[in-house]
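What follows is the residue order along each chain.
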Amino acid sequence: MLQPVGVTDVAISRAAWFRVWNLGRARTPSFTPRVVAYAFGIELPYSLLVPVAHLRLLGVVDSHVQARMLGLIGLLYIVKTAGLIALLVHMLRPIERLRRYAVGHPLHSGAGFDETGSGAAPPEELILAAANAAYDTPLSFATVWSVSWALLYLPVTIAFYLIAPDQAPIGVQRGVALALFALALFAAALPLAYSILGRLLSPAAGVISLLARERGLSVPGKGYSLAVRLVILGACLAIAPTSWMAAMVLGETAVPARPGLNLTLAIFSMVAVTWAPVCAGFLAGALAGPFQQVAAVIQTIVQRGEVDRLERIPVYFKDEIGALASGVNAMVDRLEESSRRTRSYLAERERLLQDAAQRAAQLGAVLDNLVEGVFACDRQGRLTMLNASGLRLLGLSGRSGQVGRMVEEVMDLSRMRHTDGRPFTRDELPMVRALAGETIVQEEQVLANGRAGRDVFLRTSAAPIRSENGAILGAVTVARDVTELMELDLVKDQFIRVGAHELKTPVAIMKGYALALLRNTNDLPAPRRKMLEAIDRGADRINRIVDDLLAISQVSLDVLHVSEEDVDLRELLKQAVDGVAKSASRHRVRLSLDAERPTVVRADPERLRQVLASLLDNAVKYSPDGGDVDVRVAVAERAPASSPSLCDAALFSQRHGSSPGFEAVVSVRDQGVGIPAHKQARIFERFFRAHTDTRHDYGGMGIGLFLAKDMIARHGGRMWFESEEDKGSTFYFTVPLRSEAPAVDRR
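Residues numbered from 1 in each chain as written. Predicted model: local features only at pLDDT ≥ 70, side-chain atom pairs only at ≥ 80, totals over all residues. Heavy atoms only, no water.

Novice: I'd like to hear about empty space enclosed by the protein, residue by residue, with values.
Specialist: Enumeration over the complete set of coordinates arrives at three cavities of 30 Å³ or more. Quantified by volume, the second largest cavity comes out at close to 130 Å³. In terms of lining, the second largest cavity is formed by 16 residues, of which the most central are Tyr-135, Tyr-194, Tyr-224, Phe-317 and Lys-318. Sorting the residues of the lining of the second largest cavity by element identifies α5 (124-163) and α6 (171-214) as the ones contributing at least two each. (1 Å grid on protein atoms, 1.4 Å probe; cavity = no way out; pocket = protein on both sides within 12 Å on 5 of 7 lines; lining within 4 Å. Points joined across faces, edges and corners; volume = space filled by probe spheres on them. Helix = DSSP H or I, 4+ residues; strand = E, 2+ residues; numbered from the N terminus.)

Given below as structure tokens:
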């Protein structure tokens, strides 16, 4: 048994079930009577001729004795046949039970029975028992049948001498003739019975083998070599007629010549001549059927070129022919499984191709409807893809004509410019740099003489396309037209600059009148004096805002002016701290001077005052409960340009060629509300306020730290901070000392 299967919960194909069911659809009412009728019906003519031949061998001439002997032979034959029939019925009972099970569980489809569909399979035990009966009965029963024929005439011979005691003794020659007669009967009955039963039971065995196969059961039954069976059957075919004719000759020559010799010769010759073809016909049919089935299946495969819906070959005998049928069935099974896998693979491949085509169409639609131009190239720098926006951006037409061209040809190097007007080289193109492994983020460039005859400002990002093992397969570039944004920023900056200039005059007049009134009116009432002081402070605040707006505009246009002179940083810090301490009554602002050497820097004092004012104002503003504000200055060795957190100094050093030296480090620490961790990365962005719409929103424009960092960077320094929410913040900035200071960036 190949695998455990339930009794009634297994589906069996209608084709196999139909074969079992059809066993009971013949003209005879049952399978077993049909087998019995065939087997013993073919035996009957020979059963009538053999007694005559036996009496001739015994030399019985008395008609009265012949009658009594024939009656005895008939009685013994009936007893023998009844016993053999009972034995055969018993041996075929499992097959009959299987047939009855099939008849009791018919399958219907529509108007009647067909060979498609499925139904409940019979129990395993029933199939195994039927298989044993189908495969073992032909040889077992044929052996019993042939032995019964060999022994049938032994009691007849003994009874002859009891019926006619006056007969002469048998003698040696007659005894040999009778022995050859028995041998001939055995040799004749064995192949005849085996070939008949094999021909009759092989269809049932084949059907049962298919049922067992569908249930996953190994076919039971004893296996016999085809070569051994053919040798035995061939020997019987040779021994039987030889012994038969030899017995006739010895019997006739053992006594003086008697009348009826011609009749004897005719009877013996008829049996010898007709018996062999009958055996050969049944045997040839039993052997040729499986080979024809195998040939038919192979021919079907060759003609159809496929193995779908092929019927399996029944295993008629447990021999080399059965092994061949099983091998062909296994081959067909594998071919069908391979065919199913192939169809499944092809269906999956077709589905994947359809999905890929759909996704490609979706991706193409998405790319073509993007505002940004998207470009992709292979490892050699040949363009493999660009979208509709890319074509419009570069003023090109015909996408198919651009694919395959080199990147520098499509981008047209002669029209590409840096924002400072320098032309691009091939190695500076973002896509070429991406092919070298570099990732470019939001890099600005100018496409000269773009569409509408004006320059187009581009903001480009590029990245390499890598395989799973990291090898560069190509690159992709995304370019966005930011011309309108640049023009809008320019208009905005111009508006800010013009507005700030326009505000300076009324603010100056307001502040001047307020100061004049405060100086010239000694007897001014206290409430009015406070009003004038408030006006003065408001004017100062407006003036600072105007200065910040002007600085923002100058930074955006990269025209912020930074002067250059010697500045005593300690003195500058004292002035800034004193100014804040007077107005911040709830805070204790302290200055710590840790530097042992002079802290003279080459810088713009007004810009440094703006930086300090911004940091101190934030420290006081975001410490609503008061507390300490500590300002410290120290001298330290400049950090190397490779330090990740010191990128501004590194960039400045690269731009101006300064070498490592010493620098002044200024820190401003407060005990205020701190900065939330998720907002710290944007703290130096323009117009960003970390506490907008929170309970710590104390106003402001969000440009102080942006300007402070930019101003420090223009002095060759750097700015960073440390902060923890609800515990305070510490801001640091550095300025190179005078002996170490590079030329100040005056732009």
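Don't stop here, the text continues.
Novice: Account for the environment of Leu-70, naming residues and giving values.
Specialist: As for its position among the elements, Leu-70 is in helix α3 (residues 63-91). Taking C-alpha positions, Leu-70 is 9.3 Å from Val-156, a pair spaced 86 residues apart along the chain. If we ignore the near neighbours within four places in the chain, the residues touching Leu-70 are Pro-51 and Leu-55. (Contact = heavy atoms within 4.5 Å.)

Novice: So what about the packing of aromatic side chains? Which residues, and what values?
Specialist: For any pair of aromatic rings, geometry is given as the distance between the ring centres together with the angle between the planes. What the rule picks out here adds up to seven aromatic pairs. Taken together, a centroid distance of 6.4 Å and an interplanar angle of 90 degrees make the contact between Phe-684 and Phe-731 edge-to-face. Taken together, the positions of Phe-684 in the loop between β13 (662-669) and α19 (704-714) and Phe-731 in strand β15 (residues 728-736) put the pair 47 residues apart, joining distant regions of the chain. By relative accessible area, which is 10% here, Phe-731 ends up buried. Through a chain of ring-to-ring contacts, three or more aromatic side chains come together here, namely Phe-684, Phe-721 and Phe-731. (Phe/Tyr/Trp six-rings, centres within 6.5 Å; stacked < 30°, edge-to-face > 60°. Buried < 20%, exposed > 50% of the residue type's maximum accessible area, 1.4 Å probe, protein only.)

Novice: Describe in detail unusual backbone geometry, supporting the description with residues and values.
Specialist: Leaving glycine aside, a negative phi is the common case for residues, and trans is the common case for peptide bonds. Here the phi dihedral of Gln-442 falls at roughly 50 degrees; this positive angle occurs in a residue that is not glycine. Mapped onto the secondary structure, Gln-442 falls in strand β6 (residues 440-447). Not every positive phi belongs to a glycine, and Asp-726 is a case in point at roughly 70 degrees. Locating Asp-726 in the fold gives a position in the loop between β14 (719-724) and β15.

Novice: Give me the lowdown on helix α15 (residues 526-556), citing residues and values where you can.
Specialist: For α15, spanning 31 residues, the distance from its first C-alpha to its last is 45 Å, which sits close to the expected 45 Å at 1.5 Å a residue. Of the surrounding secondary structure, the elements contacted by the buried residues of α15 are α14 (483-520) and α19. Of the residues trailing α15, Asp-558 is marked for its positive phi of about 55 degrees. (Expected span 1.5 Å × (residues − 1).)

Novice: Please provide a residue-by-residue account of the pattern of salt bridges, values included.
Specialist: With the rule as written, the count across this model stands at 24 salt bridges. A salt bridge links Glu-443 to Arg-433; its shortest N-O distance comes to 2.9 Å. You can see Glu-443 sitting in strand β6 and its partner Arg-433 sitting in helix α13 (residues 430-435), a full 10 residues away along the chain. We note a salt bridge from Lys-727 to Glu-724, for which the minimum N-O separation is 3.5 Å. (Salt bridge = Lys/Arg side-chain N within 4 Å of Asp/Glu carboxyl O.)

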